[in-house]
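A look at the structure
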Amino acid sequence: KIRSMDMTTTALATEIQHKDRQIVLVRGELAMAEQEVLDMKLENERKADDYAKSFDALAAEREKLAGSEAALRELTASMKTIREEKEGKDEKIESLTQKVADLE
């Protein structure tokens, strides 16, 4: 009976060692999986930073374009005013030319 119990104890000890090795392997796999998750989080944070920088750059470019549009509108309005003034002067010149021609 003692021999039977001794064999059972040995079998249980072997099984415990096997389970311990399995636990060590699973812990190793878990540690690797946790590292992968941390790496993915870091990569996602880096991408988020890159997207934020790109967004900021696009917003700055939009502001610059808006300023350019405003300057272009002002220039267009100024050119229209100059053209209208020139047309008014052209009409006066024609009128004076006609008066000179009438006086001759």
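One structure accompanies this document, and this report is about it. All values reported here derive from a predicted model rather than from experimental measurement.

Per the secondary structure count, the protein includes one helix and zero strands. In terms of overall dimensions, the protein has C-alpha extents of about 150 × 15 × 10 Å along its principal axes. Burial status across the protein gives 0% buried among its 104 residues. Of the roughly 10,100 Å² of accessible surface on the protein, 60% is carried by carbon and sulfur atoms. Measuring between centres, the 18 positive side-chain charges of the protein sit 7 Å from its 24 negative side-chain charges.

What follows covers the pattern of salt bridges. In a structure, side chains of opposite charge can pair up when their charged atoms sit close to one another. Following the criterion strictly, the structure yields three salt bridges and no others. A salt bridge links Glu-43 to Arg-46; the nearest nitrogen and oxygen atoms lie 2.5 Å apart. Separated by three residues within a single helix, Glu-43 and Arg-46 lie in helix α1 (residues 2-103), roughly one turn from each other. A residue is classified by how much of its surface remains accessible, and Glu-43, at 33% relative accessible area, is partly exposed. Measuring nitrogen to oxygen at the nearest pair gives 3.0 Å for the salt bridge that ties Asp-90 to Lys-86. Pair noted here: Asp-90 and Lys-86 are both in helix α1, with a separation of four residues, about one helical turn. Within the structure, one salt-bridge network assembled from shared partners comprises Glu-43, Arg-46 and Asp-50.

Together, Glu-84, Glu-85, Glu-87, Glu-91 and Glu-94 line one region of the surface with negative charge. Note that Glu-91 resides in helix α1.

Attention shifts here to a nonpolar patch on the surface. Together, Leu-72, Leu-75 and Met-79 make up an exposed nonpolar region whose accessible area comes to about 300 Å². Secondary-structure assignment places Leu-75 in helix α1.

Once that is clear, we can look at the environment of Thr-14. With respect to the element layout, Thr-14 can be found in helix α1. Residues Thr-14 and Glu-91 lie 77 residues apart in sequence; the distance between their C-alpha atoms is 114 Å.

Moving on: the environment of Leu-96. By secondary structure assignment, the location of Leu-96 is in helix α1. Judged by its relative accessible area of 53%, Leu-96 falls in the exposed class. C-alpha of Leu-96 to C-alpha of Arg-46: the two residues are 50 residues apart in sequence and 74 Å apart in space.

So, how was this worked out
- Residues numbered from 1 in each chain as written.
- Predicted model: local features only at pLDDT ≥ 70, side-chain atom pairs only at ≥ 80, totals over all residues.
- Heavy atoms only, no water.
- Helix = DSSP H or I, 4+ residues; strand = E, 2+ residues; numbered from the N terminus.
- Buried < 20%, exposed > 50% of the residue type's maximum accessible area, 1.4 Å probe, protein only.
- Areas by Shrake-Rupley, 256 points an atom, 1.4 Å probe, with all protein chains shown as cover.
- Lys, Arg positive; Asp, Glu negative; His and termini not counted.
- Charge placed at Lys NZ, Arg CZ, Asp CG, Glu CD.
- Salt bridge = Lys/Arg side-chain N within 4 Å of Asp/Glu carboxyl O.
- Patch = residues over 30% accessible without salt bridge, like charges linked within 9 Å, V, L, I, M, F, W, Y side chains within 5 Å.

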